[in-house]
Amino acid sequence: MGTRARLKSTFAALLLVAATAVVAIVPSTVAQAGCRGTRVQFTYTNAQNRVQAREDTRTGTSATCDGLSDNYGRLMDALDGDGKCANAVWRDPSQSLVGQDCSAGTWANYTSFDQQGNSSAGFALCLSWNCAEGPLFHSVWNF
């Protein structure tokens with residue numbers, strides 16, 4: 001094998017290693033939810049690392065991931081006695097409260113609909129109706 005062929009081979013091997021390294025170190029973002037399917041929860045955890053609120057797809061509902069622009073969810077106020085509620089807030093493109101639960105330990109169903117016809121929206125689980133505590137909005141699509 002000539003010098004030029006060895007150089008090309010070495011260069012190709014280095015590119016492969018570099019490409020693999022880049023793929024390996026790029027973290028996935030928690031803000032990308034896609035269509036989560038069933039039994040995948042969002043949780044809101046306070047500074048003491050206690051879960052205050054939970055959001056989940058509605059039990060027995062497979063229609064949430066069908067691309068028909070309707071989302072069937074449920075909320076739970078998970079911490080009794082804190083005076084807070086679990087709030088589902090939708091951003092599509094305007095922000096609106098689509099569900100609320102203030103009864104600790106029970107699930108409350110909610111339904112939200114796509115406003116732009118693209119089966120895509122922003123979602124946040126908040127402790128206030130307007131998300132004043134500044135949570136992370138998750139991108140949800142294909143619902």
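Before any of the text, the structure's been laid out above.
Okay, so let's go over this structure.

Cut-offs used in this document
- Residue numbers restart at each chain and count upward from 1, following the sequence in its written direction.
- Where totals are concerned, whole chains, interfaces and linings use all residues; where local detail is concerned, this predicted model gives features only for residues with pLDDT of at least 70, and gives and counts side-chain atom pairs only at 80 or more.
- In computing side-chain values, all of the structure's heavy atoms are included and hydrogens and water are not.
- Definition of nonpolar core: a set of buried residues of the types Ala, Val, Leu, Ile, Met, Phe, Trp, Tyr and Cys, connected through side-chain atoms within 4.5 Å.
- When accessible area is computed with a 1.4 Å probe and restricted to protein chains, residues below 20% of their type maximum are described as buried, those above 50% as exposed, and intermediate ones as partly exposed.
- Helix and strand assignments follow DSSP, with helices taken as H or I runs no shorter than four residues and strands as E runs no shorter than two, numbered in order from the N terminus.
- By definition, residues are in contact when any of their heavy atoms lie within 4.5 Å.

Moving on to the nonpolar core. Counting 14 residues, the largest nonpolar core has Ala53, Leu75, Phe123 and Leu125 as the members making the most contacts within it. Those elements that place two or more of their residues in this core are β1 (42-45), β4 (86-91) and β7 (120-126). If we skip the residues at most four places from it in the chain, Ala53 touches Phe42, Thr43, Tyr44, Met76, Ala78, Ala86, Leu125 and Leu127. Residues Val89, Ala124, Cys131 and Phe137 belong to the second largest nonpolar core, which totals 5 residues.

Let us now look at unusual backbone geometry. For residues besides glycine, phi is generally negative; the peptide bonds are generally trans as well. Residue Pro93 follows Asp92 across a cis peptide bond; omega there is -15°. In this structure, Asn49 takes a positive phi of about 65° despite not being glycine. Relative to the elements of secondary structure, Asn49 occurs in the loop between β1 and β2 (51-57). The backbone of Ser69 shows a phi angle near 70°, a positive value even though the residue is not glycine. With respect to the helices, strands and loops of the structure, Ser69 is situated in the loop between β2 and β3 (70-77).

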